[in-house]
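What follows is each chain in one-letter form.
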Amino acid sequence: MKKTVQILLFLVALLISFQVSASYTKGINSTSLVAEEDTSMIHAARNFKNVCASCHHEDFSWFATRKWKYGKGQNDIYTSAKTGYPDFGMPSFKKVFSEKELRDLAKLVYTKLEFNIGENGIKDLDTKRIVTEKLNIRLDTVVTGLSSPWGIAFLPDGDMLVNDREGKMYRYRNSQRVAEIQGLPTIQVVGQGGLFDLRLHPDYKNNGWIYFSYPSCSVDKEVGWNTTLMRARIKDNILVDKQELFRALPETKVGHHLGGRITFDGKGHLFLSVGDRGNGENAQSLTNDCGKIHRLNDDGTIPADNPFYTTPDAKKSIWSYGQRNPQGLLYNSDTGILWENEHGPKGGDELNIIQPGRNYGWPVICFGINYDGTILTKDTAKVGMEQPITYWVPSIAPSGLAFVKGDKYKGWEGNILVGSLRFEYLVRCEMIGNSVIHKEIMFPNIGRLRTIEMGPDGYIYISIEDPGIIFRLVPVP
Ligand code: HEC
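Only a predicted model underlies this, so the values are computations on that prediction, with no experimental measurement involved.

What to know about the overall build of the chain
Then step 1. Of regular secondary structure, the chain possesses seven helices and 25 strands.
Then step 2. Counting only contacts in the chain whose residues sit at least 6 apart along the sequence, the fraction spanning at least 24 positions is 57%.

Remarks on the site of the ligand
Then step 1. As a structural note, the neighbourhood of the ligand is formed by 22 residues, with Cys 52, Cys 55, Tyr 70, Ser 80 and Met 90 the closest of them.
Then step 2. Only helix 2 (34-56), helix 4 (74-83) and helix 5 (99-112) provide two or more residues apiece to the shell around the ligand.
Then step 3. Across the shell around the ligand, the residue classes tally to 14 nonpolar, six polar and two charged.

Observations concerning the environment of Cys 55
Then step 1. Along the polypeptide, Cys 55 turns up in helix 2.
Then step 2. Sequence-wise, Cys 55 and Met 90 are 35 residues apart; in three dimensions their C-alpha atoms are separated by 8.5 Å.

A look at the sheet that holds strand 6 (residues 176-180)
Then step 1. With antiparallel pairing, the four strands of this open sheet are ordered in space as 3-4-5-6. At either end of the open sheet lies a strand with only one pairing partner, and these are strand 3 (149-154) and strand 6. On average, each strand axis in the sheet is inclined to that of its neighbour by 30°, with strand direction left out of account.
Then step 2. Across four bridges, strand 3 lies against strand 4 (residues 160-164) in antiparallel orientation. Bridging from a neighbouring strand, Ile 152 pairs with Val 162 of strand 4.

Overview of the confidence of the model for the chain
Then step 1. On average, the chain scores 87 in pLDDT, and the residues at 70 or more come to 87%.
Then step 2. Counting contacts from residues 10-36, a segment whose pLDDT is below 50, to residues more than four positions away or on other chains yields eleven contacts.
Then step 3. Within the model, pLDDT remains below 50 along residues 114-124, and this stretch shows 18 contacts once partners closer than five positions in the same chain are excluded.

Describing the pairing of strand 21 (residues 425-432)
Successive side chains on a regular strand alternate, one facing one side of the sheet and the next facing the other.
Then step 1. Bridging between strand 20 (residues 416-420) and strand 21 involves five bridges; their strand directions are antiparallel. Note that in strand 21 the partner of Val 418 across the bridge is Val 427.
Then step 2. Following strand 20, the chain reverses through four residues before pairing antiparallel with strand 21; Glu 424 in that reversal takes a positive phi of roughly 60°.
Then step 3. Pairing analysis gives seven bridges linking strand 21 to strand 22 (residues 435-442), with the strands arranged antiparallel. Across the sheet, the residue bridging to Met 431 is Val 436, located in strand 22.

Observations regarding the nonpolar core
Then step 1. The biggest cluster of nonpolar side chains holds 81 residues, and the ones touching the most others in it are Leu 417 and Ile 462.
Then step 2. By residue number, the principal contributor to this core is strand 2 (residues 136-146), which donates five residues.
Then step 3. Among residues more than four places away in sequence, those in contact with Leu 417 are Ala 402, Val 404, Leu 426, Val 427, Arg 428, Ile 452 and Ile 460.
Then step 4. Among the nonpolar cores identified, the runner-up in size contains eleven residues, and Ala 44, Phe 60, Tyr 78 and Leu 108 belong to it.

Focus on the pairing of strand 2
Then step 1. Relative to strand 2, strand 1 (residues 130-131) runs antiparallel, the two being bridged by two bridges. Paired with Ile 130 across the strands is Ile 137, a residue of strand 2.
Then step 2. Taking the residues between adjacent antiparallel strands as the criterion, strand 1 and strand 2 are bridged by four residues.

What to know about the sheet that holds strand 12 (residues 269-274)
Then step 1. If you trace the four strands from one edge of the open sheet to the other, you get 11-12-13-14, paired in antiparallel fashion. Of all strands in the sheet, those bounded by a partner on one side alone are strand 11 (262-264) and strand 14 (318-321). Across the sheet, the mean angle separating the axes of adjacent strands is 20° when strand polarity is ignored.
Then step 2. In the sheet, strand 12 pairs with strand 13 (residues 292-297) via six bridges, with the strands oriented antiparallel. Residue pairing across strands places His 269 opposite Asn 297, the latter belonging to strand 13.

A word on helix 4
Each α-helix turn comprises 3.6 residues. Residues three or four places apart therefore point the same way.
Then step 1. Those residues of helix 4 lying buried are Ile 77, Tyr 78, Ser 80 and Ala 81. All buried residues of helix 4 fall inside an arc of 160° around its axis, so they share one side.
Then step 2. In this structure, the buried side of helix 4 is in contact with helix 5.
Then step 3. Phi for Gly 84, located one or two positions after helix 4, is positive at around 65°.

Notes on the environment of Pro 398
Then step 1. On the secondary structure map, Pro 398 appears in strand 19 (residues 398-403).
Then step 2. Spatially, the C-alpha atom of Pro 398 lies 9.8 Å from that of Thr 451, the residues being 53 residues apart in sequence.
Then step 3. Apart from the residues lying within four places of it in its own chain, the contact partners of Pro 398 are Gln 327, Gly 328, Asn 341, His 343, Asp 349, Val 418, Gly 419 and Ser 420.

Some words on the packing of helix 4 against helix 5
Two measures define how a pair of helices packs: the angle their axes make with one another and the distance between the axes.
Then step 1. In the contact formed by helix 4 and helix 5, the axes pass within 8 Å of each other and the chain directions differ by 125°. Comparing the axis directions of helix 4 and helix 5 gives the class oblique. Every pair of crossing elements has a handedness; the one defined by helix 4 and helix 5 is right-handed. Along its contact with helix 4, which presents Gln 74, Ile 77, Tyr 78, Ala 81 and Lys 82, the element helix 5 presents Leu 102, Arg 103, Leu 105, Ala 106, Lys 107, Val 109 and Tyr 110.
Then step 2. When grouped by side-chain class, the residues that make up the contact of helix 4 with helix 5 number eight nonpolar, one polar and three charged.

Cut-off values and rules
- Residues numbered from 1 in each chain as written.
- Predicted model: local features only at pLDDT ≥ 70, side-chain atom pairs only at ≥ 80, totals over all residues.
- Helix = DSSP H or I, 4+ residues; strand = E, 2+ residues; numbered from the N terminus.
- Contact = placed C-beta atoms within 7 Å.
- Near = placed C-beta within 6 Å.
- Nonpolar A, V, L, I, M, F, W, Y, C, P; charged D, E, K, R; others polar.
- Pairing = 2+ DSSP bridges.
- Axes fitted to C-alpha atoms, helices over the stretch in contact; angles between N-to-C directions.
- pLDDT = per-residue confidence, 0-100.
- Core = buried A, V, L, I, M, F, W, Y, C linked by C-beta atoms within 7 Å.
- Buried ≥ 20, exposed ≤ 12 C-beta atoms within 10 Å, placed from the backbone.
- Arc of directions from axis to C-beta.
- Parallel < 35°, antiparallel > 145°, perpendicular 65-115°, else oblique.
- Left-handed = near helix turned anticlockwise from the far one by under 90°.

Shown next as structure tokens:
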């Protein structure tokens, strides 16, 4: 009897020691290691949240919806995290985390891949009646079946044009896709790049011009690409009369920070945002187009009253500089003020009022820190550099910008809406004059919020990515 117990105990001990080593080599879960597993997974989850989530979504949906490029095995994920893909916007984390931490991160991501985004990509959100501070909102699904709806434009005949970042432009009528617009230029759908914004000329009814932005190469892919602005007309769902109006230089193979928002001032000019292309120094030099807001005449020529028009060596189209990655840009025709939002580095996302000739400080001043946790700059202010109207730490990754106008949204009048790609919600900024006095987070978990538009019907439209959906916000009792 005693002997059997001894043998049993021995077998149990053997089993445990076998599982200990197995779990180290293969990452297999083992009940005897639950406590340790838990702490290392909690630690990994914390690392993911603090470091990886700023680009990959806190809920892992970036991975869940990913067409994997480098492999989704645990080892592949480990390699990706270790080496990074600096040319495509992911730094290496070799020096940031220990071997074990990298392995644990890979394990965490790998196990979370089972994660399932629900119907329509909306998680835990009842779209029929969402209670917010001032209004109850129903989310009407207007368009589905896209990847990343960027630019949205409402045509006078009631049709809607939508740019999908994948490099497609579609026409919708009553929520049905009625055409894919043909004849698009060659678009670099690489990294963060693709078909971006889409705007109608303020006098579209008479001249038929549409304006859109995208990265393209002037020479070839081996040299690189940069944000480009084109205008064209649509005839029988084909782009005609195409004119390239602007191309940011220099071109680079870096896949991120392209900006790409377009807005008109209704006085014959338009503004275009261009990101720093991953090189902060660009933003402080007037001799290149990156990290800037540009101002052009609507035919692409450069207005002679631009602030650096006569400055030697400066790019004449520059309206403001010191920007990092401006993903929201909108001219308020009621006030004559140009608003912008941009991605700061890990904290320090900004909402700005853009004034001609001003320097918005990147990378000399900012409120953020580098993704690897190192200090970027200890200065948050400097003479000759503008302060944001408001900023976000941690980063929300702002995109899209709209002013609430009209009478459909009681209590929201005059508010500024900003989307969050990272935290997947809509921010409603209550304003007194040009100051933000209150921020409300609305629709948490809705998905990566890319674009916000006030429709001609007076309703707010928002687009989310991966899967790409356009919703209309309808106030309900
Ligand atoms: C600054 C933004 C950023 C951060 C921070 C970041 N990544 Fe990435 N990551 C990216 C981008 C962009 C890509 C896509 C690269 C490409 O398309 O070539 C990527 C790709 C990946 C891939 C490969 C996906 C595939 O298609 O094969 C993995 C795995 C990954 N990241 C894991 C991580 C982990 C783990 C962390 C945290 C330690 C992390 N990333 C932090 C931006 C980031």
